Amino acid sequence: MADSANPITTKIPKPATAATVARWVVEVRRRHGRGYLSQVADMIRYNRGHQRINPIEYYLYHLYDRERHDAATRAQFIGHAGRRRIVRALNDAKAAILADDKLVTYGYLTGLGFPTPPLRALYHPTRSHGALRCLRDATQAATYLRGEATYPMFGKPLGRSNAVGVASLRGYRAGDDVLVLAGDRTIGVETFVTTLDAFLPRGGYLFLEHLWPHAAMRDVCGERLCTVRVFALLGPQGPEILGAVWKVVVGANMADNFVLKGNLLAAVDAATGTVTRIVGGSGPDEREHETHPDTGARLVGFTLPLWDDLIALVKGAAGAFPRLPYQGWDIALTPSGPVIVELNSAGDLSLWQRPAGRGFMNERFRALLKGARP
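Bear in mind the structure is a predicted one, so any value in this text is a computation, not a measurement.

J.: Honestly, the overall build of the protein in this entry has me stumped. Any pointers?
T.: Counting its secondary structure elements, the protein contains 13 helices and 14 strands. In terms of overall dimensions, the protein is globule-like: its C-alpha atoms have a radius of gyration of 21 Å, near the 21 Å expected for 374 residues. Principal-axis analysis of the C-alpha atoms places the extent of the protein at approximately 60 × 45 × 40 Å. In the protein, which comprises 374 residues, the share counted as buried stands at 53%. Taking the contacts inside the protein whose residues are at least 6 apart along the sequence as the reference set, 61% of them involve residues at least 24 apart. A total accessible area of about 16,300 Å² is found for the protein, and carbon and sulfur atoms account for 53% of it. On the protein, the mean spot of the 46 positive side-chain charges and the mean spot of the 34 negative ones are 8 Å from each other.

Dropping the structure here:
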C-alpha cells in the first residue's frame, strides 16, 4: 500500500467517484434541464457502435449539453473502450513492448539516432542495458544515490504508472540522509529505495538525466517540464499528425499527467503549435483557463517553440514503428531541441478530446483509419 507520507508513491485520485457522478447527474438536471431518464438514455446510446462511451465519459465530454454539441459532433467522441477497439484493429500486440517498456523504447530510438533522455541507472535484479549502471537491490540503490549519482536526475517506473513513482531528484543531503525533490520536498534515502521493488513487476525503475524546459516555456510554466502529446497515424502515405495537446504542470506536481490534481490540458493547433483552449477539472466541474495558475502568464494564444522541429521529429520516428500505426508521442521541448520522452501504443484520446471540446472520429480520421487497417 502506498505510504501517504511518501511523495513518490501517493495514490493517484480516480477521475470521478460514484458520489461525484451522482452529483453530476443532479447538476446536469438542474443546469441543463436533462431529466434522469434522458441522461440514462443518452448513456445507452453513446455506449454503442464505435463510440463505446461509458457513463463517466458521458459527463467528461459534456454530451448532455445540447447547446455545446449538436448530434453530429456528439457522434464523433470516442470512449476508452472504443479507443481500445481501434488499437486492437491497428496495432500488433506483439510489437507493443517497443512502446510500453521505456527501456526498450529508448534503446530502439537511440540506436536509430533519435533524441531521448540520457540514461543514468537502472534498478532491477536481473535486467541489463548495455553499459548502463545496474542497481540490483535496495542496498546498491542507496549507495548509488548517496555517493555515485550526479544530480539533478529524474526517476520513473519503466512500465505504465499514471505518474505514481515519478521523482524529480534535485540532490542528496548527507546531514539528514535525504533526497531533495522538486519544491524543496524531501524523502529519506531508505524510504525511497524500499519503494522501488513495487515497480519490478512492470520492468523496474529508471534514473535519467533531468530535462529542463525551453526558455520560452519556462517563462510561462516555470522550470517544470510540460510535455506535448502528439497523436500520429502511420498510413499508406506515411505518418499523419492527428492532433496535439500540451500537458501543463501546476503547483507542486512532479509530472504533467492530467490525473494529478491541478494539472491542465491545452488543445494545440497541430499546424501552428498555438494553444487554442485550456481546461482543468472534470465533467460539469471543468473550467477553462486563460493563464497559468502559478505564474499568471497567458496560455491561450501562446505558440510553443520549435514546433516545426517537433513535428518533423514525430514524423521521422513514427515510420520506425510500422507494426504500431496508432501512436501517441510525448515530446519535451528543451533548450537543445525536442526530445522523445515516451511512445504510447494505446494513447488516451481523452487527453485531446477534453481540451479540444470535440471528438476524434471526424471524417479525416475515419478515412485514415480505412487506409491504415492491416
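J.: Could you clarify how one ought to interpret the packing of aromatic side chains in this entry?
T.: Applying the stated rule across the entire model yields 17 aromatic pairs. Relative to Tyr64, the ring of Tyr59 has its centre 5.8 Å away and its plane inclined at 35°; by these criteria the two rings are tilted. The same class applies to Tyr59 and to Tyr64, which are both buried. Cluster of aromatic residues (ring-pair linked, three or more members): Trp24, Tyr46, Tyr58, Tyr59 and Tyr64. The aromatic ring of Tyr36 is capped on one face by Arg29, whose charged end is 5.1 Å from the ring centroid. When the ring centre of Tyr46 is taken as origin, the NZ or CZ atom of Arg45, which lies over that ring, is 5.8 Å away.

J.: Would you mind going over the sheet that holds strand β2 (residues 133–135) with me for this structure?
T.: Taken in spatial order, the seven strands make up an open sheet running β2-β1-β7-β3-β4-β5-β6, and their pairing is mixed. Looking at which strands have only one partner, the edges of the open sheet turn out to be β2 and β6 (186–188). In this sheet, neighbouring strand axes are inclined to one another by 30° on average, regardless of whether the strands run parallel or antiparallel. The pairing of strand β1 (residues 119–123) with β2 spans three bridges and is parallel. Across the sheet, residue Leu122 finds its bridge partner in β2, namely Cys134.

J.: Help me understand helix α7 (residues 102–111) in this model?
T.: Since there are 3.6 residues in each turn of an α-helix, residues three or four apart along the chain are aligned in direction. Buried residues of α7: Lys102, Leu103, Thr105, Tyr106 and Leu109, and no others. For α7, the arc enclosing every buried residue in end-on projection is 160°, short of the 170-degree limit, so these residues lie on one face. Residue Asp101 occupies the N-cap position of α7, its side-chain oxygen lying 3.1 Å from the main-chain nitrogen of Leu103. Downstream of α7 by a residue or two, Gly113 has a phi angle that is positive, lying close to 90°.

J.: Even after reading the chapter, I still don't get the pairing of strand β8 (residues 228–235), so can you show me in this structure?
T.: Sheet faces and side chains relate simply in a regular strand, where the side chains alternate between the two faces. Counting buried positions along β8 yields seven of eight residues, so the element is predominantly enclosed. Both β8 and strand β9 (residues 238–248) contribute to a ladder of eight bridges, which runs antiparallel. Each bridged residue has a counterpart across the sheet, and for Arg229 the counterpart in β9 is Val245. Hairpin connection from β8 to β9: two residues lie between these consecutive antiparallel strands.

J.: Help me understand helix α5 (residues 80–90), please; the structure alone is not making it clear to me.
T.: Of the positions making up α5, those classed as buried are Gly82, Arg83, Ile86, Val87 and Leu90. Relative to the axis of α5, the buried residues are bounded by an arc of 140° and lie together on one face.

J.: Hey, could you run me through the side chain of Asn91 in this one?
T.: Within the secondary structure, Asn91 sits in the loop between α5 and α6 (97–100). Polar side-chain contacts of Asn91 include one of 2.8 Å to the backbone oxygen of Ser345. Excluding residues within four positions of it along the chain, Asn91 makes contact with Arg323, Leu324, Pro325, Tyr326 and Ser345.

Cut-off values and rules
- The written sequence of each chain sets the order in which its residues are numbered from 1.
- Whole-chain, interface and lining totals are the exception, using all residues; otherwise, since this is a predicted model, local features are given only for residues with pLDDT of at least 70 and side-chain atom pairs are given and counted only at 80 or more.
- Note that water and hydrogens are dropped before the side-chain values are worked out from all heavy atoms of the structure.
- The way it works is that DSSP assigns letters per residue, a run of H or I at least four long becomes a helix, a run of E at least two long becomes a strand, and they are numbered from the N terminus.
- Values of the radius of gyration come from C-alpha atoms, whereas the globule rule sets the reference at 2.2 Å times the count of residues to the power 0.38.
- Residue burial is assigned from relative accessible area. The probe radius is 1.4 Å, only protein chains are included, and a residue is buried under 20% of its type maximum, exposed over 50%, and partly exposed in between.
- By definition, residues are in contact when any of their heavy atoms lie within 4.5 Å.
- The Shrake-Rupley method, run with a 1.4 Å probe sphere, supplies the accessible areas, and residue values consider only the shown protein chains as cover.
- Positive charge is attributed to Lys and Arg, negative charge to Asp and Glu, and no charge count is given to His or to the chain ends.
- Charge coordinates come from a single atom per side chain, which is NZ of Lys, CZ of Arg, CG of Asp or CD of Glu.
- Pairing of aromatic rings covers Phe, Tyr and the six-membered ring of Trp, with a centre-to-centre limit of 6.5 Å; geometry is then stacked below 30 degrees between planes, edge-to-face above 60, and tilted otherwise.
- Two thresholds decide whether a charge sits over a ring: the Lys NZ or Arg CZ must be within 6 Å of the ring centre and within 35 degrees of the ring normal.
- Any two strands are treated as partners once DSSP identifies two or more bridges connecting them.
- Axis geometry follows a simple rule: fit a line to the C-alpha atoms, using only the stretch in contact for helices, then measure angles between N-to-C directions, giving values from 0 to 180 degrees.
- Summarising the geometry, the arc corresponds to the directions from the helix axis toward the C-beta atoms.
- The definition of a polar contact used here is a pair of N or O atoms within 3.5 Å, where within protein one atom must be able to donate a hydrogen and the other to accept one, and adjacent residues in sequence count solely through side-chain atom pairs.

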